[in-house]
Amino acid sequence: MDILYNILIDPFVQMGSAPDFFLQVLWSGFVAGTLYSLIALGFVLIFKASGVFNFAQGIMVVFAALTLVGLYQAGVPAWLALILTIGAMFALAWLVERIVLRNLVNQEEIILFMATIGLNYFLIGFGEYVFGGEPKPMIAAELGLPTGSTTFEPFGGIVIIEHLDVAAVVMAIILVTALAIFFNKTRIGRALRAVADDHQAALSVGISLNQIWVIVWFAAGIVALATGIMWGAKSDVSFALQIVALKALPVLIIGGFTSIPGAIIGGLVIGFGEKLFEIYWGGLLGSGVEGWFAYVIALIFLLFRPQGLFGEKIIERI
Amino acid sequence: MKKLLMTGVAFATLAGATFTTAPVALAEDTMFVPSLSYRTGPFASGGTPLANGFADYFNMLNARDGGIGGVKIVVEECETGYNAQKGVECYESTKGKGALVYNPYSTGITLQLIPKAPVDKIPVLSMGYGLSAAAIGEKFPWTFTYPTSYWSQLSSILKYIDANGGLKGKKVGFIYLDVGYGKEPIPLLEQLAKDQGFEVAKFPVGVKEMQNQGSQWLNVRKERPDYMIMWGWGAMNATAVKEAAKIKYPLDQFIGNWWAGAHADLRSVGEAGKGYKAANFSGVGTDFPALQDVIKHVVDKGGSQVASKDLVGDVLYNRGLFNSVLIAEGIRAAQEKTGKKVITGADLRDGFELFDLSEARLKELGLEGFTAPIKGSCKDHEGAGSVFIQQWDGKDWVKISDPIAPDTAVVRPLLEAAAEKYLSDKPEWKTQTCS
């Protein structure tokens, strides 16, 4: 009976007895979910255009953030460093298309996937060679990102809202909205969807595959930069940051690999879910459940909706 | 053109792969010390300064004194990436070159090498890390944890807390990297909690969550521990201190172990980390004649891999340097005992049980006040070394306590029991008898 009480009753008693803390948990889940959405978005963009899971997305986050910080440390003013980093992400997208993807048009998706694994390790080695392994502080204040926090006192308790977290949420919303409009309402967006469906068919109607791939890898690079800035400001910019990108996997399983709204909803489901479970139920399993709980949620979704919440249902006719 | 480019890339890759493991031509009058380093990967922030300090001290001895006892030391790095499997590969690929000792800089790698040491007759020096039970010299003749073990260190930290606010009836939070290293002191912590009447709340941080500790610190806020102790490494440390500051946890009640108190950890946190404390057993800064010699003979002559001269004297740089000091002293003791100039791993094992790093000897070495004295012995492979507590003032680490000796009376029997347990399923294990 104790077990049933601890699972079914006690967590809700805790939520009711400390509502301020419950609000804090919800806010943390919302911020984490937004950031997970941002990471997942980078994967979705490339998957939509090439049908490949970009294994290198995590290191692109690190690479973008290190370029920004590295340029600043080399004496370049913060805003100019940001512009130059955007330029570097464009150069990376162009090089990836030119050296890697162009040679693999119409190859099996697994070949493209393997190519992104190769790209991942190349960027790790190249990044470590250029920037070194030392963690670097993100230039949050220099970029005008807010610091400090505001403390609210609801229900006689306290809720601390970090200004940086608010900025992260706002930046994620702006970026997601802009990308959603770009890919749904513009000609390039429609071309991108055509490329995702069939490379050869898209080529036959005059869509430049090369151009689309550069655009989409560049967009994924911008998302990586935004993710690197926000996550780097929360902790540090180091190569350990690439591991955070793995959080996108369960988000993608829930949201579907091809849906921008799916990435957002999936991120929020994981963000809220893991925080609530870790805080109110995690103790029953010895804490530290956050690392795997996201995958449990994803597996449950897989049972009922293998294509994810917003993914396209693939029907193969025999 | 494409072929040319691909050939170039292939050569560049090959060059990169061999950069850290370049074969070393060993002359007869040299001794070989492999350095299992990690300048890459998620823990490179700690691995890089450790490897720099480690190599620079030996290079200084080579340049200033012509080596040790007239024999130059050859240091060869092998990149492990803090990965146990790669660590074992490095061990296997370098042991045939006459390796004198292995310093794995990873508890995971140490655990893999402990059973290999007696077979290959190459000692393992896991300086202040690894398997705590290896401190029992009778049971682990080939492994050393000088100057102290994780368990002894934990007892020193708890002694500090007890003397500065008391432990009885309090709640101690323990946040740790959820790998072998982080879990190592938990049995002792739980035992001491029972014995000394305090409560423990554990907060594991998975490697994937190192930079994403929001949940752990929400749990800290929920549990409201009176003190927090951290067994962190790499990117985990800075994130933990930032998160602690974010939930307004009093940082002067937050104490890291000696792998959670480096400049690399707190430099990026800056003023926000003011008040955070950490244990340490090696001096900070360059205000030691030996460090000045390193700068003069190695760094200023471009012989160091350190990115900037300002990084010489950092906590982890000096920790790596101290590791080399211990080896050098072991080599000297072995040379004296055997009368040989070029010694073997087995000789060095004996040297590790004979050396005496007294205050007078530390002064001779140009390291007066750098660490508490350590004396090698057959029985005690941890040296019962003390730790001191340092505090981050927003810009630098400041030493705030005298050396704190471990609670040997409590820890030693527990270490002996742990050693017995380790050997219980290893009937072939060779122990030694100490007089």
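A quick note: this is a predicted structure, and the numbers were derived from the prediction, not measured.

### A word on the packing of helix 3 (residues 57–73) of chain A against helix 4 (residues 78–101) of chain A
Residues and elements named next belong to chain A.
Phase 1 of the analysis: Close contact between helix 3 and helix 4 brings their axes to 9 Å; oriented N to C, the two are set at 140°. In terms of their interaxial angle, helix 3 and helix 4 are classed as oblique. The element helix 3 and its partner helix 4 pack so that their crossing is right-handed. Between helix 3, through Ala64, Thr67, Leu68, Leu71 and Tyr72, and helix 4, the contact on the second element is made entirely by Ala78, Ala81, Leu82, Leu84, Thr85, Ala88 and Met89.
Phase 2 of the analysis: Grouping the amino acids of the contact of helix 3 with helix 4 by side-chain chemistry returns 10 nonpolar, two polar and no charged.

### Comments concerning helix 4 of chain A
All names here are of chain A.
Phase 1 of the analysis: Counted at 1.5 Å a residue, the expected span for helix 4 with its 24 residues is 34 Å, and the 32 Å between its end C-alpha atoms agrees.
Phase 2 of the analysis: Buried within helix 4 we find Ala81, Leu82, Thr85, Met89, Leu92, Ala93, Val96, Glu97 and Leu101.
Phase 3 of the analysis: Summarising the contacts, the buried residues of helix 4 are in contact with helix 3, helix 5 (109–131) and helix 9 (209–234).

### Things to note about the nonpolar core
Phase 1 of the analysis: One finds Leu35, Ala40, Leu41, Ala65 and Val216 of chain A to be the most contacted residues of the largest nonpolar core, which totals 232 residues.
Phase 2 of the analysis: Take this core: its biggest share by element is 18 residues, from helix 9 of chain A.
Phase 3 of the analysis: Viewed by domain, this core spans two of them, domain 1 (28–148 + 285–385) and domain 2 (150–280 + 388–414) of chain B, each represented by three or more residues.
Phase 4 of the analysis: Once residues lying within four places of it in the same chain are set aside, the contact partners of Leu35 of chain A are Ala168, Ala172, Met230 and Trp231 of chain A.

### Details of the confidence of the model for chain B
Residues and elements named next belong to chain B.
Phase 1 of the analysis: In this model, chain B carries an average pLDDT of 90, and 94% of its residues clear a pLDDT of 70 or more.
Phase 2 of the analysis: The secondary-structure element of chain B with the lowest mean pLDDT is helix 1 (residues 2–19), recorded at 43, while strand 8 (residues 254–256) shows the highest, at 98.
Phase 3 of the analysis: Within the model, pLDDT remains below 50 along residues 1–25, and this stretch shows eight contacts once partners closer than five positions in the same chain are excluded.
Phase 4 of the analysis: Here the complex is predicted with pTM 0.83, and the ipTM for its interfaces comes to 0.82.

Criteria and cut-off values
Residues numbered from 1 in each chain as written. Chains lettered and ligands numbered in written order. Predicted model: local features only at pLDDT ≥ 70, side-chain atom pairs only at ≥ 80, totals over all residues. Axes fitted to C-alpha atoms, helices over the stretch in contact; angles between N-to-C directions. Helix = DSSP H or I, 4+ residues; strand = E, 2+ residues; numbered from the N terminus. Parallel < 35°, antiparallel > 145°, perpendicular 65-115°, else oblique. Left-handed = near helix turned anticlockwise from the far one by under 90°. Contact = placed C-beta atoms within 7 Å. Nonpolar A, V, L, I, M, F, W, Y, C, P; charged D, E, K, R; others polar. Expected span 1.5 Å × (residues − 1). Buried ≥ 20, exposed ≤ 12 C-beta atoms within 10 Å, placed from the backbone. Core = buried A, V, L, I, M, F, W, Y, C linked by C-beta atoms within 7 Å. Domains from an automatic or database assignment. pLDDT = per-residue confidence, 0-100.

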